[in-house]
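Summary of the model geometry
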Amino acid sequence: MKTNPEGRITLRLTRGTDGGLSASVASSRPLDAVRWFEGKTVDETLRLLPMLFRVCGTAQAAAATGAVEQARMQSATRGVAAAREMLLVAETVREHLLRIFTGWEAGATHDINLADVMRLPRDLSDQLFPGNDAFIPGAGELRRSTVDFADWHGQLTELVSDAVLGCAPDTFLRMHSSDVIRRWASNTDTIAARMARRVLERGWADAGQTNTGALPELADEALDSCLSGPAANRFVATPEWQGQVRETGALARTGDYPVVAAARTFWDSGLLTRILARLAEIASGMARLEQLFAETAEDNPLPPRRGLPPGTGIGQAEAARGRLVHRVVLDHDQVADYCLLAPTEWNFHPRGVLVQALETLAPGTDLEPLASLLVEAIDPCVGYDLELFTDA
């Protein structure tokens, strides 16, 4: 296949005659690449999926499997469903850690083995599903070893606590005021605290505030309506919900934790709040993994999901960068229609949260590094170029 399934995003900031900034987004992402699956069998589609999507492969597999299972009226056991979600959480933590270790402070991770970080979801998958069948629709032979999980989880928690947060994950999540957050940033010598300190010292903590609403939970029936028919392509390219652009990702998911709630109270949805939301998602992942591992002991089957036309399925997965949705229509065992809605199209919408955040900035000598940090905080799943700027 000659198409590049990832594409690239170009962000352009232009100074207007009034001295303010306008932002625009251009994307070369081939949003119809999943049409490649049409006419193929389910097995072929699930086997080819990793070739099409190299980023957040676990989330892609989870959404695809969920869609196929609904279309076939299949279901896994509760234990397998919990183990699949563990792999999704592990991938989310891995993606956030990689962004921190490779982008926040050049040269500061000489003692971090990035290859070990990359392998986090794979190592957990090898423990839980030795047969590599986690995302076989309706199946998955689960192996449950308390000793192996405790060792894997302990190493990950140590990495998060010592190299990133500088404290226990639950201690970080309980920070309840801007003063506590400032003290943590000032008195902690980790890559995350140094980033927060830099943002505070440069006066960037509240930069990029927007009023973009979080993407709510969406029923399968509502998504099926949006992702079928003549308006589906437009919805995939520039999605809106109830007439509004929405935001998905770490900030939309972590608002109930005291550290994020405190940051929002003081810095609204500015840059520092977004940084802390990413850290909160890493920190909360530690407890969530333990909770889900306990649920893997449940071997009773989940009821099949109903409500869509026969042969149609919707799969949703919370990927590191936001909500991912797959829709499939099957004709017996062949794919008749396939559609995918990625979080990038929400967050990098032409009128979306990133454009709104960039347009709040003031032109000046700090514009490029500040704009880059905002882009990284909202985080596309593809490469991007930031162009600064021509006069309108």
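An account of the accompanying structure is given in this report. (Residues numbered from 1 in each chain as written. Predicted model: local features only at pLDDT ≥ 70, side-chain atom pairs only at ≥ 80, totals over all residues. Heavy atoms only, no water.)

Scanning the protein chain for helices and strands turns up 17 helices and eight strands. Its C-alpha atoms give the protein chain a radius of gyration of 21 Å, near enough to 21 Å, the size a compact globule of 392 residues would have. Across its three principal axes, the protein chain shows a C-alpha extent of roughly 60 × 50 × 35 Å. When the 392 residues of the protein chain are sorted by exposure, 53% land in the buried category. (Helix = DSSP H or I, 4+ residues; strand = E, 2+ residues; numbered from the N terminus. Rg over C-alpha atoms; globule rule 2.2 N^0.38 Å. Buried < 20%, exposed > 50% of the residue type's maximum accessible area, 1.4 Å probe, protein only.)

We now examine the nonpolar core. Formed by 91 residues in total, the largest nonpolar core has its most connected members in L97, F172, W184 and L279. For F172, the residues in contact, after removing those within four places along its chain, are L165, C167, W184, V259, L276, L279, A280 and A283. (Core = buried A, V, L, I, M, F, W, Y, C linked by side-chain atoms within 4.5 Å. Contact = heavy atoms within 4.5 Å.)

Backbone hydrogen bonds hold the strands of a sheet together, and the pairing may be parallel or antiparallel. On the basis of which strands lie adjacent, the open sheet formed by three strands has the order β5-β6-β7 and antiparallel pairing. The open sheet is flanked by β5 (312-319) and β7 (334-341), the only strands paired with a single partner. For this sheet the average axis-to-axis angle between neighbouring strands, irrespective of direction, equals 20 degrees. The sheet contact formed by β5 and strand β6 (residues 322-331) spans eight bridges and is antiparallel. Counterpart to G313 in the pairing with β6 is V328. (Pairing = 2+ DSSP bridges. Axes fitted to C-alpha atoms, helices over the stretch in contact; angles between N-to-C directions.)

In this sheet, β7 lies alongside β6 in antiparallel orientation, the contact comprising seven bridges. By the bridge assignment for β7, V329 is matched with D337.

What follows is about the packing of helix α8 (residues 178-187) against helix α13 (residues 258-267). The interhelical angle for the contact between α8 and α13, taken along N-to-C directions, is 105 degrees, at an axis separation of 9 Å. When the axes of α8 and α13 are compared, the pair comes out roughly perpendicular. Contacts between α8 and α13 involve S178, I181 and R182 from the former and V259, A262, A263, F266 and W267 from the latter. Across the contact of α8 with α13, the residue classes break down as six nonpolar, one polar and one charged. (Parallel < 35°, antiparallel > 145°, perpendicular 65-115°, else oblique. Nonpolar A, V, L, I, M, F, W, Y, C, P; charged D, E, K, R; others polar.)

Turning next to the side chain of R29. Along the chain, R29 falls in the loop between β2 (21-27) and α1 (42-52). At 2.8 Å, the side chain of R29 and the side chain of E345 are in polar contact. (Polar contact = N/O pair within 3.5 Å; in protein donor to acceptor, adjacent residues only side chain to side chain.)

Here helix α6 (residues 146-165) has its buried residues at F149, W152, H153, L156, T157, L159, V160, S161, V164 and L165. Positive backbone phi, at 75 degrees, marks G166, one or two positions downstream of α6.

A word on unusual backbone geometry. Although it is not a glycine, Q242 adopts a positive phi angle of roughly 55 degrees. Mapped onto the secondary structure, Q242 falls in the loop between α11 (232-237) and β4 (246-247). Judged by its relative accessible area of 64%, Q242 falls in the exposed class.

Right, let's talk about the environment of A252 for a bit. With respect to the helices, strands and loops of the structure, A252 is situated in helix α12 (residues 250-253). For A252, a relative accessible area of 33% corresponds to the partly exposed category. Placed 39 residues apart in sequence, A252 and G213 show a C-alpha to C-alpha distance of 8.3 Å. Those residues in contact with A252, other than ones at most four positions away along the chain, are A214 and E247.

What follows deals with the environment of E95. Mapped onto the elements, E95 comes out in helix α3 (residues 78-103). Distance in space between the C-alpha atoms of E95 and F389 is 30 Å, their sequence separation being 294 residues. Apart from residues no more than four positions distant in its own chain, E95 is found in contact with V55, C56, A320 and R321. At 3.0 Å, the side chain of E95 and the side chain of R321 are in polar contact.

A complete count under the given rule lists seven aromatic pairs for this structure. Put simply, the rings of W36, F37 and Y338 touch in pairs and so form one group of aromatic residues. A cation sits over an aromatic face here: R144 above F293, 4.4 Å from the ring centre. (Phe/Tyr/Trp six-rings, centres within 6.5 Å; stacked < 30°, edge-to-face > 60°. Lys NZ or Arg CZ within 6 Å of the ring centre and 35° of its normal.)

Two elements, strand β1 (residues 8-15) and β2, share seven bridges in a ladder whose sense is antiparallel. Bridged to R15 within β2 is L21. The antiparallel pairing of β1 with β2 creates a hairpin that spans five residues between the two strands, and G19 there sits at a positive phi of about 90 degrees.

Here the focus is helix α2 (residues 57-72). Here α2 is 16 residues long and its end C-alpha atoms lie 22 Å apart, about the 22 Å a rise of 1.5 Å per residue gives. Among the 16 residues of α2, 13 are classified as buried, and the element is accordingly described as predominantly covered. Where α2 ends, the next residue or the one after it, M73, has phi of about 60 degrees, a positive value. (Expected span 1.5 Å × (residues − 1).)

The next thing to look at is the pattern of salt bridges. Taken as a whole and judged by the stated rule, the model has 29 salt bridges. Between R94 and E95 there is a salt bridge, and its shortest N-O distance comes to 2.8 Å. With relative accessibility at 11%, the residue E95 sits in the buried group. Of the charged contacts, one joins R351 and E240 as a salt bridge, the two residues approaching to 2.2 Å between their closest N and O atoms. Here the residue R351 occupies a position in the loop between α15 (343-347) and α16 (353-359), and E240 occupies one in the loop between α11 and β4, the gap between them amounting to 111 residues. Look at R351 and you get partly exposed, because its relative accessible area is 46%. For E240, a relative accessible area of 25% corresponds to the partly exposed category. (Salt bridge = Lys/Arg side-chain N within 4 Å of Asp/Glu carboxyl O.)

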